[in-house]
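Coordinate analysis (summary)
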Amino acid sequence: MKAPILLITGGGRGIGAATAKLAAQQGYRVIINYQKDATSAENLVADIVSSGGLAHCLQADISDTDQVSHMFATIRRQWGPIMALVNNAGVLDQQARFVDTTPERWQRIFQTNVFGTMHCCQEAFQDMAKSRGGNGGAIVNVSSLASVYGSPNEYVDYAASKGAVDSFSKGFALEVASEGIRVNVVRPGLIYTDMHADGGEAGRVDRIGPNLPLQRGGRPEEVAEAIIWLLSDKSSYSTGGFIDVGGGR
Ligand code: NAP
């Protein structure tokens, strides 16, 4: 049987990379999109392939609509239509109070986290929708628990972008359910990845983790488990749903 094709945006590092490894073990042909860090993406592909899995990497900036369209066209041409999509790529900026942030910063964050996700969903619809000759599919959008608690004094604009991802995902899920496409959201809490260094506090997870109900930060692999379940047929009756992976935050 042909391996189902899964695209993971921002899949070269962090939560995306953990998801790529687990997905390859489950038999997906994993397409790992990255923006800048080719080395991490290529090393991950080599790692998966040396373990007997199927993986490829593809550079594209998902905040750029032309690059998203080009990426999907390349995947269709080289490997065929995708059956699964994880919108994982996401960005934040330096920790700051909202009043000290700029419209340029909000624009940059929304362009990737919200519009990138929305555009990838539209492209995936073309491959998956039964009315377009597809066989259905599963989409997981990686949001954040910041959408619930608002991330005051650190990342309010980022939190707002994830709130938009939540609302978009719910509406899109209900629109495309009859097309055989399931859309669900995973909302990680505090996970050990490079993202916190991008915000200016590499040790943020160690600072906050002990105060959470489960008393620690999470690992990317723990988020990947939820994503893979939502992609799989084991979650066949779930759509428009949310799984919080935040240690009780
Ligand atoms: P990460 O380690 O910083 O990885 C982010 C990934 O996104 C990188 O692979 C990066 O590509 C990619 N990326 C960023 N902008 C992109 C763009 N315009 N086009 C394509 N790829 C792009 O972050 P992470 O923690 O794994 O985050 C993954 C997701 O989880 C994000 O959506 C994030 O908001 C969410 N999340 C994380 C946490 C946490 O505590 N870590 C908590 C809640 C939610 P390059 O490798 O090429 O730079």
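Residues numbered from 1 in each chain as written. Predicted model: local features only at pLDDT ≥ 70, side-chain atom pairs only at ≥ 80, totals over all residues. Heavy atoms only, no water.

**Brief notes about the overall build of the chain**
Regarding its fold elements, the chain presents nine helices and seven strands. Against the compact-globule benchmark of 18 Å for 249 residues, the chain has a radius of gyration of 17 Å, which places it among compact chains. In terms of overall dimensions, the chain has C-alpha extents of about 50 × 40 × 35 Å along its principal axes. For the chain, buried positions account for 53% of its 249 residues. Contacts spanning at least 24 positions in sequence make up 73% of the contacts within the chain whose residues lie at least 6 apart. Entry remark: accessible area of the chain is about 11400 Å², with carbon and sulfur atoms responsible for 51%. Positive and negative side-chain charges in the chain, numbering 22 and 25 respectively, have mean positions lying 4 Å apart. (Helix = DSSP H or I, 4+ residues; strand = E, 2+ residues; numbered from the N terminus. Rg over C-alpha atoms; globule rule 2.2 N^0.38 Å. Buried < 20%, exposed > 50% of the residue type's maximum accessible area, 1.4 Å probe, protein only. Contact = heavy atoms within 4.5 Å. Areas by Shrake-Rupley, 256 points an atom, 1.4 Å probe, with all protein chains shown as cover. Lys, Arg positive; Asp, Glu negative; His and termini not counted. Charge placed at Lys NZ, Arg CZ, Asp CG, Glu CD.)

**Comments concerning the layout of surface pockets**
Volume-wise, the largest pocket comes out at about 1100 Å³. Taken together, 45 residues form the lining of the largest pocket, with Ala 89, Gly 90, Val 91, Met 195 and Asp 198 sitting closest to its centre. Sorting the residues of the lining of the largest pocket by element identifies α1 (14-25), β2 (29-34), α4 (103-128), α5 (146-149), α6 (156-176) and α7 (195-198) as the ones contributing at least two each. Each residue belonging to the lining of the largest pocket can be placed in one class, and the counts come to 18 nonpolar, 16 polar and 11 charged. Its residues placed into classes, the lining of the second largest pocket shows six nonpolar, four polar and two charged. (1 Å grid on protein atoms, 1.4 Å probe; cavity = no way out; pocket = protein on both sides within 12 Å on 5 of 7 lines; lining within 4 Å. Points joined across faces, edges and corners; volume = space filled by probe spheres on them. Nonpolar A, V, L, I, M, F, W, Y, C, P; charged D, E, K, R; others polar.)

**Here's the deal with the site of the ligand**
Taken together, 33 residues lie around the ligand, and Lys 36, Asn 88, Tyr 158, Gly 189 and Thr 193 are the ones closest in. Here Ile 15 contributes a backbone N or O atom positioned 2.8 Å from an oxygen atom of the ligand. Within the complex, 96% of the 900 Å² of free accessible area of the ligand lies under protein. Taking a 2 Å distance to the grid points as the criterion, the majority of the atoms of the ligand fall inside the largest pocket. Looking at the shell around the ligand, the elements with two or more residues in it are α1, β2, α6 and α7. Counting residues per element, the shell around the ligand draws most heavily on α7, which supplies three residues. Residue composition of the shell around the ligand, grouped by class: 12 nonpolar, 14 polar and seven charged. (Near = heavy atom within 4 Å. Polar contact = N/O pair within 3.5 Å; in protein donor to acceptor, adjacent residues only side chain to side chain. Sits in = over half its atoms within 2 Å of the grid points.)

**Regarding the UniProt feature "domain: Ketoreductase" (unreviewed entry) in the chain**
When the UniProt feature table is mapped onto this chain numbering, "domain: Ketoreductase" (unreviewed entry) sits at residues 4-211. In residues 4-211, helix accounts for 48% and strand for 16%; the two terminal C-alpha atoms are 40 Å from one another. (UniProt positions renumbered as here; feature names shortened; annotations may be inferred.)

**Notes on the nonpolar core**
One finds Leu 6, Val 30, Ile 32, Val 186, Ile 227 and Leu 231 to be the most contacted residues of the largest nonpolar core, which totals 33 residues. The contact partners of Leu 6, leaving out residues within four places of it in the chain, are Ala 23, Tyr 28, Arg 29, Val 30, Ile 31, Ala 84, Leu 85, Val 86 and Leu 231. (Core = buried A, V, L, I, M, F, W, Y, C linked by side-chain atoms within 4.5 Å.)

**Focus: the packing of aromatic side chains**
Taken as a whole and assessed by the stated rule, the structure comprises three aromatic pairs. Consider the rings of Tyr 155 and Tyr 158, whose centres lie 6.2 Å apart with planes at 70°: the pair is edge-to-face. Assigned by exposure class, Tyr 155 and Tyr 158 land together as buried. Taken together, a centroid distance of 5.4 Å and an interplanar angle of 10° make the contact between Phe 168 and Phe 172 stacked. Of this pair, Phe 168 and Phe 172 are both found in helix α6, four residues apart, which corresponds to roughly one turn of the helix. (Phe/Tyr/Trp six-rings, centres within 6.5 Å; stacked < 30°, edge-to-face > 60°.)

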